[in-house]
Structures are given as C-alpha cells and as structure tokens.
Amino acid sequence: YRQKLFESSEIKEKTVATIIKAFHNSFFHAKEHGERVGGICYKFSKLLGYTEIYSQEIKTAGIMHDIGKINIAVRILAKRETLNDNDWKEIKKHPETGYRILSSVGHMAQLAEYILAHHERWDGKGYPKGLHEKDIPLIARIICIADVYDALTEDRPYRRAWSRTEVRQFFEEQKGKMFDAELVDVFLTRPDVQ
C-alpha cells in the first residue's frame, strides 16, 4: 500500500514536471518571464529579511506562477494586438488551472495556494476570488509585485518596456489599490528599481 502511495506521488510529480516542460517548450517567453519573476521574488524576499528556505519557496512559486497558462491557446498568449473580452476570459482562468495542477502533488499544495491568488488585488478587485488585503497570502502579494514589475520592464509584442520612472510612478499610484503599500515601499528601495 505504501509503495502504491509513493509511486502515485512520484507519478504526479513527474506529470507536473512534464506539464511545466511542455508549457515552456511551446511558449519560451513564459519560461523566461517565470525565471525573471522567480529571481525578483527571491531578491525581494531577502530584502524583506526572510530565511533562505522561505526565500527559495517564494522563488519557486514565482517561477511557476503562470503554469496554468498551459491550458491557453498560444495564439492568445502570443497575440500582438490588444486582447478582446473572450481572450481575457481565457487568460483569467490560469490561476485556477495552475492551482489544480500543483495541488495534485502533495508537497506543492501550499505553492498552489499562492499561484491561485497571485492576481488578487489589495482592493479586492482581482481574480479569481476577489480576495482583499491580508486575506491574500503574503507570498501571492510578493509574486503580484514581481510579476507586474517584470511585465512592465520588458518589451512585449504589443508595447515597449516602460522606463524606471514610469514604473515607479505606476507602483506609487497603485499602492493600496493593486498592491500592498507596505510591500511596495520596501520593493521601491531596491537599487535596480531606483
């Protein structure tokens, strides 16, 4: 019985690894974005004074935050023009898909919770649950900041990368709305953001 449980867990873990690899192979930009977000999460968590183990957990969650996009058509993910309402409906499903994928593997269940909540907003206007303020897990709040920062500072098919000044202004404007203001204040002390 124990052997069956072990094998079942091992099979689930290998399946998740295969899903991640397939996603990255089909949409390389997502792999690069995930790695950058993971790196930002790690540096940010160290700035916040977290332990190495906790910082590594945050980094891993950052790397895998968009894994639910495996279920979205590449034509939507690679679209050069503005997304339409139907495209956005599909995009907004990815936190729940990522949650289902990761929660199937026992030791990734906690990461799944962070992935589910990484598009929630401090003001409650995010998705998928409309969580607000400290109901949003701390790691999800960190991922949200790192994800948006990376998205704004990288060129995208539909727009150029924002300047540091534009990014700082956006984060200042979104404190207490999209983001946890206390976290933003710490994040904006990073030398690479100045």
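Residues numbered from 1 in each chain as written. Predicted model: local features only at pLDDT ≥ 70, side-chain atom pairs only at ≥ 80, totals over all residues. Heavy atoms only, no water.

Participant: Got a sec to walk through helix H6 (residues 94-103)? Specific residues and values, please.
Facilitator: Side chains that are three or four residues apart share a direction in an α-helix, a result of its 3.6 residues per turn. Within H6, the full set of buried residues consists of His94, Pro95, Thr97, Gly98, Ile101 and Leu102. Angular distribution of buried residues about the axis of H6 spans 160°; they occupy a single face of the element. (Buried < 20%, exposed > 50% of the residue type's maximum accessible area, 1.4 Å probe, protein only. Helix = DSSP H or I, 4+ residues; strand = E, 2+ residues; numbered from the N terminus. Arc of directions from axis to C-beta.)

Participant: An account of the packing of aromatic side chains is needed here, citing residue identities and associated values.
Facilitator: The geometry of an aromatic ring pair is captured by the separation of the ring centres together with the interplanar angle, meaning the angle of the planes. The tally for this structure, following the rule as stated, stands at 8 aromatic pairs. With 5.0 Å between their ring centres and 90° between their planes, tyrosine 50 and tyrosine 54 make a pair best called edge-to-face. Looking at tyrosine 50, the relative accessible area reads 23%, which means it is partly exposed. For tyrosine 54, a relative accessible area of 26% translates into the label partly exposed. Ring geometry for phenylalanine 171 against phenylalanine 187: centres 5.8 Å apart, planes inclined by 35°, an arrangement best described as tilted. Of the two residues, phenylalanine 171 is situated in helix H9 (residues 164-174) and phenylalanine 187 in helix H10 (residues 181-187); the sequence distance between them amounts to 16 residues. Each member of the pair phenylalanine 171 and phenylalanine 187 is classed as buried. Grouping aromatic residues by their ring pairs yields a cluster made of Phe44, Tyr149, Trp162, Phe170, Phe171, Phe179 and Phe187. Positioned above the aromatic ring of tyrosine 42 is the side chain of lysine 59, whose terminal nitrogen or guanidinium carbon lies 5.8 Å from the ring centre. (Phe/Tyr/Trp six-rings, centres within 6.5 Å; stacked < 30°, edge-to-face > 60°. Lys NZ or Arg CZ within 6 Å of the ring centre and 35° of its normal.)

Participant: Talk me through the side chain of aspartate 87; I want residue IDs and the actual numbers.
Facilitator: One can find aspartate 87 in helix H5 (residues 85-91). Look at aspartate 87 and you get buried, because its relative accessible area is 3%. In terms of polar contacts, aspartate 87 uses its side chain to reach the side chain of lysine 79, at 2.4 Å. Once you skip the residues sitting within four places of it in the chain, aspartate 87 turns out to touch Arg75, Ile76 and Lys79. (Polar contact = N/O pair within 3.5 Å; in protein donor to acceptor, adjacent residues only side chain to side chain. Contact = heavy atoms within 4.5 Å.)

Participant: Residues and numbers for the pattern of salt bridges, please.
Facilitator: Applying the stated rule across the entire model yields 11 salt bridges. The salt bridge involving lysine 46 is made with glutamate 52; its shortest N-O contact spans 3.2 Å. Among the residues examined, glutamate 52 registers a relative accessible area of 37% and is labelled partly exposed. Linking lysine 79 and aspartate 87 is a salt bridge whose minimum nitrogen-to-oxygen distance equals 2.4 Å. Note on accessibility: lysine 79 and aspartate 87 belong to one class, buried. (Salt bridge = Lys/Arg side-chain N within 4 Å of Asp/Glu carboxyl O.)

Participant: Help me get a handle on the packing of H6 against helix H7 (residues 109-117), residues and values and all.
Facilitator: Put simply, H6 and H7 touch, their axes get as near as 8 Å, and they point 180° apart. With respect to H7, the axis of H6 lies roughly antiparallel. Where H6 approaches H7, its residues Pro95, Glu96, Gly98, Tyr99, Leu102 and Ser103 are matched on the opposing element by Ala109, Ala112, Glu113, Ile115 and Leu116. Here the contact of H6 with H7 is built from residues that sort into 7 nonpolar, 2 polar and 2 charged. (Axes fitted to C-alpha atoms, helices over the stretch in contact; angles between N-to-C directions. Parallel < 35°, antiparallel > 145°, perpendicular 65-115°, else oblique. Nonpolar A, V, L, I, M, F, W, Y, C, P; charged D, E, K, R; others polar.)

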